[in-house]
Amino acid sequence: MDPVLSYGGYPGGAENRFTFADLPERIDHLLITHNHQDHMLFETLLRIRHRVGRVLVPKSTNATLVDPGLGGILRRLGFTDVVEVDDLETLSCGSAEVVALPFLGEHGDLRIRAKTGWLLRFGERSLLFAADSTNISPTMYTKVADLIGPVDTVFIGMESIGAAASWIYGPLYGEPLDRRTDQSRRLNGSNFPQARDIVDALEPSAVYVYAMGLEPWMGVVMAIDYDESHPAIVDSDLLVRHVRDKGGTAERLHLRRTLRL
C-alpha cells in the first residue's frame, strides 16, 4: 500500500525503519491511493517492480493533465498487470476482498478522480486505508458506513494545513494563481473535527494516523518541519485521545511498526 521505503545511510542506521531488505521476494498485490509523491514514489516503485504481481489504482477521468491515468503511467514504468478501479468496485485479491471507497479533498479543489480509500477485508476483519481523505462532506461517511458496516481499523493522514495548490499544480494552471486563491485551495487532509466524524461514522476499534513526513527520509519529499505546536500534530493528538477516550486503540505511527490482524 503506497510504498515509500527508506534507503540506508541515514543517521542512526536503519534498524528502526523498514527498508527494501524487509520486503518479501514476491508481492502479490500493490495498491496505490493517489498520485502524490509521498504515496506514489517512483524511486520505490522502480526498485520493486520486478517483485510485483497485480497493481490496483483508482480510475481517473483521463481528461486533463491534472488527472492522468495512473494505469498508463505504471505500465510505462514496466508494471504489466495494472487494474483501474472505480468507486465502490469490489475485487478479490487472494485471501482478501478489496473495495474502493470515495476519497474527497486534498487536491486543491481540482477535478481529480484518481484517488481512492482502500477497504481491505480479511474474513471478518476489515481495514480502511483512507490516506489523506478530507472529510468535507460528513454525510458521505454516514452513507459509506451504511454500505460497508463498521470497520475494525482505520489508517488516516492528518496534514491539516497542507501546501498551497501551486506547490504541485501551479504549472498546470493557465495563468499564475493570485495568492488568495492559491492559499484557499490547499492540499490538506482532515483536521480533528473532520477526522473525528469519519471515525465516529465507521466505529473502528483501532485508529492509526500516518507519520505524515516525520520520518527523516521524507524530508526531501514533503519539505515539512513539525514541532509539537504544528496544527497537524495538535489535530492528530486530539484524534488519538478521542479514540482512546472511547476505549479504542490509537496512535500516530512513526518509523517501524508491525500490526497483526
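Analysis parameters
- Residues numbered from 1 in each chain as written.
- Predicted model: local features only at pLDDT ≥ 70, side-chain atom pairs only at ≥ 80, totals over all residues.
- Heavy atoms only, no water.
- Helix = DSSP H or I, 4+ residues; strand = E, 2+ residues; numbered from the N terminus.
- Buried < 20%, exposed > 50% of the residue type's maximum accessible area, 1.4 Å probe, protein only.
- Contact = heavy atoms within 4.5 Å.
- Areas by Shrake-Rupley, 256 points an atom, 1.4 Å probe, with all protein chains shown as cover.
- Arc of directions from axis to C-beta.
- 1 Å grid on protein atoms, 1.4 Å probe; cavity = no way out; pocket = protein on both sides within 12 Å on 5 of 7 lines; lining within 4 Å.
- Points joined across faces, edges and corners; volume = space filled by probe spheres on them.
- Nonpolar A, V, L, I, M, F, W, Y, C, P; charged D, E, K, R; others polar.
- Axes fitted to C-alpha atoms, helices over the stretch in contact; angles between N-to-C directions.
- Parallel < 35°, antiparallel > 145°, perpendicular 65-115°, else oblique.
- Left-handed = near helix turned anticlockwise from the far one by under 90°.
- Pairing = 2+ DSSP bridges.
- Right-handed = clockwise from strand over helix to strand, strands pointing away.
- Salt bridge = Lys/Arg side-chain N within 4 Å of Asp/Glu carboxyl O.
- Phe/Tyr/Trp six-rings, centres within 6.5 Å; stacked < 30°, edge-to-face > 60°.
- Lys NZ or Arg CZ within 6 Å of the ring centre and 35° of its normal.

> Please explain the overall build of the protein as it appears in this structure.
The number of helices and strands found in the protein is 8 helices and 12 strands. Principal axes of the C-alpha set define a box for the protein whose edges measure 50 × 45 × 45 Å. Relative to its full complement of 261 residues, the protein shows a buried share of 49%. Taking as baseline every contact in the protein between residues at least 6 positions apart, the subset at least 24 positions apart corresponds to 73%. Split by element, the accessible area of the protein, about 13,000 Å² in all, is 50% carbon and sulfur.

> Which parts of the structure should I look at to understand helix α6 (residues 192-202)?
Working note: α-helix, 3.6 residues per turn, so residues spaced by three or four point in the same direction. Listed as buried for α6 are Phe-192, Gln-194, Ala-195, Ile-198, Val-199 and Leu-202. Down the axis of α6, the buried side of the element spans an arc of 165°, and every buried residue falls inside it. Tucked into the core, α6 has its buried residues touching β7 (125-129), α3 (138-148), β8 (153-156), β11 (206-209) and α8 (231-245). Downstream of α6 by a residue or two, Glu-203 has a phi angle that is positive, lying close to 55°.

> Teacher, can you tell me more about empty space enclosed by the protein here?
Over the atoms, a rolled probe matching the size of one water molecule traces out where space is still vacant. For the structure shown, the criterion picks out 1 cavity of 30 Å³ or more. A volume near 50 Å³ is recorded for the largest cavity. In terms of residue class, the lining of the largest cavity is built from 6 nonpolar, 2 polar and no charged.

> When you look at the packing of α3 against α6 in this model, what are you seeing that I'm missing?
The relative placement of two packed helices comes down to the angle between their axes together with the axis-to-axis distance. One way to put it is that α3 packs onto α6 with a least axis distance of 9 Å and a crossing angle of 20°. Considering their axes alone, α3 and α6 lie roughly parallel with respect to each other. The two elements α3 and α6 meet at a crossing, and its hand is right-handed. Contact with α3, carried on its side by Pro-138, Tyr-141, Thr-142, Val-144, Ala-145 and Ile-148, involves Asp-197, Ile-198, Ala-201 and Leu-202 of α6 and no other residues of that element. Here the residues of the contact of α3 with α6 are counted per class, giving 8 nonpolar, 1 polar and 1 charged.

> What's the story with the pairing of β8 in this structure? I'm lost.
The side chains of a regular strand alternate, residue by residue, between the two faces of the sheet. Alternating residues of β8 divide into Thr-153 and Phe-155 and Val-154 and Ile-156, and every residue in both groups is buried. Relative to β8, β7 is paired through 3 bridges, and the arrangement is parallel. Directly across from Phe-129, in β8, lies its bridge partner Phe-155. Between β7 and its parallel partner β8, the chain crosses via α3, and the hand of that crossover is right-handed. By the bridge criterion, 4 bridges tie β8 to β11 in an arrangement that is parallel. Pairing of Val-154 across the sheet is with Val-207, part of β11.

> Would you explain the sheet that holds strand β1 (residues 27-31) in this entry?
Picture the strands of a sheet paired through backbone hydrogen bonds; they go either parallel or antiparallel. Taken in spatial order, the 3 strands make up an open sheet running β1-β2-β3, and their pairing is parallel. Each edge of the sheet is formed by a strand with only one pairing partner; in this case those strands are β1 and β3 (81-85). Within this sheet the neighbouring strands show an average axis-to-axis angle of 20°, counted without direction. Pairing analysis gives 4 bridges linking β1 to strand β2 (residues 52-58), with the strands arranged parallel. The residue of β2 that forms the bridge with His-29 is Arg-54.

> Would you mind going over the pattern of salt bridges with me for this structure?
Close approach of charged atoms lets side chains of opposite charge pair. Summed over the entire model, instances satisfying the criterion amount to 9 salt bridges. Two residues, Asp-81 and Arg-54, come together in a salt bridge whose shortest N-O distance is 3.1 Å. One end of the pair, Asp-81, is in strand β3; the other, Arg-54, is in strand β2, and 27 residues separate them in sequence. For Asp-81, a relative accessible area of 27% corresponds to the partly exposed category.

> Can you help me understand the packing of aromatic side chains in this one?
The geometry of two aromatic rings is summed up by the distance between their centres and the angle between their planes. Counted according to the given criterion, the structure contains 2 aromatic pairs. By the ring-pair criterion, three or more aromatic residues cluster together here, those being Phe-129, Phe-155 and Tyr-208. Residue placement shows Arg-196 over the ring face of Phe-192; its charged tip is 5.3 Å from the ring centre.

> What is the right way to look at the packing of α6 against α8 in this model?
At a closest axis distance of 9 Å, the pairing of α6 and α8 adopts a crossing angle of 30°. When the interaxial angle is binned, α6 and α8 end up roughly parallel. Every pair of crossing elements has a handedness; the one defined by α6 and α8 is right-handed. For the pair α6 and α8, the contacting residues are Phe-192, Ala-195, Arg-196, Val-199 and Asp-200 in the first and Asp-235, Leu-238, Leu-239, His-242 and Val-243 in the second.

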